[in-house]
Amino acid sequence: STQSTWESRPRMQPVPHRCALALVSGRRLDIFDLREGPLLTFEAPEPIRSLVLDPSGKFLATGGDDKVIRVWDMATLTCVGSRSLKKKITAMSFLGSERLLVADKAGDVFYVAVPAAEPPVLLLGHIVSVSAMVCSCNRVVTADRDEKIRVSSFPATAEIESICFGHTEYVTRLLLAPCGERVVSGAGDGTVRVWELCSGRSLAALRLLPELPRHDASVELPMCRGLCMHGHTVAAIFANTLQVFIMDLAPDGSQLQLRHAIPCALEPLDLCCDEAGLLWLRCPDAVFCFDANDSFAPRDTLAASLNAFLAEARVSHRDDYLESLRKVRPTKRPRVAEESGPPAQ
């Protein structure tokens with residue numbers, strides 16, 4: 001099917017246990033405290049593709065086109081470790097605060113001990129580029145441009161627990177449900193789906209955008225640009241859609257229902273939800289805030305200082321690479337053998 005190349009776009013993550021956001025715009029990383037102002041600005045040699053924080057808020061990791069994994073200590077706001085890969089980095093996910101999984105454009109996933117003091121260890125391989133990844137203490141869930149989601153055991157990643165089939169276009173976003181036994185996915189087919197990890201069975205599927213003709217290179221796919229969760233509330237945004245879709249996920253993950261859609265004056269580029277229940281929405285010319293605890297009422301005054309800083313620093317929300325997306329037909333390469341997990345602890 002027709003697929004989009006891997007994109008570089010603005011990214012945003014809340015900093016746990018701190019009233020702050022980490023933002024990526026092209027090659028630039030900013031950490032901004034909503035009460036104290038800018039804390040850190042860093043510019044990489046090439047665009048940053050992935051930005052993740054560990055659940056404890058101790059470390060932040062970045063990676064991108066310069067093929068370098070950088071680990072930042074959030075207490076000292078300094079880079080405490082870095083390692084290079086052979087290919088561009090496309091996705092990352094923390095396993096606790098001391099282990100980091102990193103995926104590259106060739107489809108390989110590596111294990112890195114934080115703060116990146118040891119060389120990366122190859123865990124597993126896909127036959128195409130890894131587009132999204134999440135992990136738990138005993139599983140690694142990866143998606144690629146072949147429209148499927150793979151669930152691998154951890155640390156014995158050669159054991160594939162299940163494969164989730166159902167999306168008709170490439171998967172771009174993954175979220176672990178609070179129960180830890182379900183994963184929520186967003187794709188370029190305009191749907192959000194819920195999967196049972198142990199079996200790969202589709203538990204729920206919600207079409208948010210009309211289905212488009214396949215195999216038509218002139219049609220721009222409704223790529224899922226952002227997916228986040230607060231409790232059992234899921235929010236999603238799609239390319240070329242001026243809405244934020246708010247959904248309710250059943251506690252057992254068996255149902256996903258659309259609650260309502262928040263209209264947007266500007267096209268959403270990314271979103272995230274912090275531990276206080278504030279939904280942050282990044283658009284081409286501004287960052288907006290909504291309160292998930294108050295029916296998603298606007299809280300734009302909370303973003304005023306951040307927007308003033310980004311405007312003064314001339315940080316572009318829509319970087320030069322966002323508009324460079326083009327449609328390509330994926331080329332297959334021979335399937336390679338699965339690699340074993342990291343060394344025994």
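Everything that follows concerns the structure shown earlier in this document.
Residues numbered from 1 in each chain as written. Predicted model: local features only at pLDDT ≥ 70, side-chain atom pairs only at ≥ 80, totals over all residues. Heavy atoms only, no water.

Before going further, it helps to spend a moment on unusual backbone geometry. A negative phi angle is the norm for most residues apart from glycine, just as the trans form is the norm for most peptide bonds. The amide bond that connects Val114 to the next residue, Pro115, takes the cis arrangement and shows omega of 10°. For the peptide bond that leads from Phe154 to Pro155, omega is 10°, which places it in the cis range. Structurally, Pro155 can be placed in the loop between β16 (149-153) and β17 (160-164). Unlike most non-glycine residues, Asn240 shows phi in positive territory, near 60°. Mapped onto the elements, Asn240 comes out in the loop between β23 (233-238) and β24 (243-249). (Helix = DSSP H or I, 4+ residues; strand = E, 2+ residues; numbered from the N terminus.)

Below, the discussion takes up the sheet that holds strand β3 (residues 20-25). Read across the open sheet, the four strands follow the order β2-β3-β4-β5; overall the sheet is antiparallel. Either end of the sheet is taken by a strand with one partner, and the two such strands are β2 (11-15) and β5 (37-43). Across the sheet, the axes of successive neighbouring strands diverge by a mean angle of 15°, strand direction being ignored. Two elements, strand β4 (residues 28-33) and β5, share six bridges in a ladder whose sense is antiparallel. Each residue of the ladder has a partner; that of Asp33, found in β5, is Gly37. Contacting β3, β4 and β5, helix α1 (residues 304-312) crosses the sheet at an angle of about 145° to β4. (Pairing = 2+ DSSP bridges. Axes fitted to C-alpha atoms, helices over the stretch in contact; angles between N-to-C directions. Contact = heavy atoms within 4.5 Å.)

Across a regular strand the side chains alternate sides, sitting on one face of the sheet and then on the other. With five of six residues buried, strand β18 (residues 171-176) is to be regarded as a mostly interior element. Hairpin connection, β18 to strand β19 (residues 182-187): the antiparallel pair is bridged by five residues, and Gly180 has positive phi, about 80°. (Buried < 20%, exposed > 50% of the residue type's maximum accessible area, 1.4 Å probe, protein only.)

On the surface, Lys67, Lys87, Lys88 and Lys105 cluster together into a patch of positive charge. Along the chain, Lys67 falls in the loop between β7 (59-64) and β8 (68-73). (Patch = residues over 30% accessible without salt bridge, like charges linked within 9 Å, V, L, I, M, F, W, Y side chains within 5 Å. Areas by Shrake-Rupley, 256 points an atom, 1.4 Å probe, with all protein chains shown as cover. Salt bridge = Lys/Arg side-chain N within 4 Å of Asp/Glu carboxyl O. Lys, Arg positive; Asp, Glu negative; His and termini not counted. Charge placed at Lys NZ, Arg CZ, Asp CG, Glu CD.)

Tracing the backbone shows Arg139 in strand β15 (residues 139-144). For Arg139, a relative accessible area of 7% corresponds to the buried category. At 3.2 Å, the side chain of Arg139 forms a polar contact with the side chain of Glu181. Aside from chain neighbours lying at most four places away, what touches Arg139 is Val151, Ser152, Phe154, Glu161, Gly180, Glu181, Leu197 and Cys198. (Polar contact = N/O pair within 3.5 Å; in protein donor to acceptor, adjacent residues only side chain to side chain.)

A few words on the nonpolar core. Core analysis: the biggest nonpolar cluster contains 19 residues, and Val184, Val192, Phe238, Met247, Leu249 and Leu256 have the highest contact counts within it. Listed by contribution, the elements that provide at least two residues to this core are β20 (191-196), β21 (202-207), β22 (224-230), β23 and β24. Once you skip the residues sitting within four places of it in the chain, Val192 turns out to touch Val184, Ser185, Ala204, Ala205, Leu206, Leu208, Leu227, Ala236, Phe238, Met247 and Leu256. Among the nonpolar cores identified, the runner-up in size contains 16 residues, and Val15, Ala20, Phe42 and Trp72 belong to it. (Core = buried A, V, L, I, M, F, W, Y, C linked by side-chain atoms within 4.5 Å.)

The next point concerns the sheet that holds strand β14 (residues 130-135). The sheet built from four strands is open, its strands ordered β14-β15-β16-β17 with antiparallel pairing. This sheet does not close on itself; its edge strands, each paired only once, are β14 and β17. The average undirected angle you get between the axes of adjacent strands in this sheet is 15°. Bridge count for β16 against β17 is four bridges, and the pairing is antiparallel. Paired with Ser152 across the bridge in β17 is Ile160.

Turning our eyes to something else, we now look at α1. Those residues of α1 that fall on the buried side of the exposure criterion are Leu306, Phe309 and Leu310. Down the axis of α1, the sector holding all buried residues measures 95°, keeping them to one side. The exposed set on the far side of α1, more than 90 degrees from its buried face, consists of Ala311 and Glu312. (Arc of directions from axis to C-beta.)

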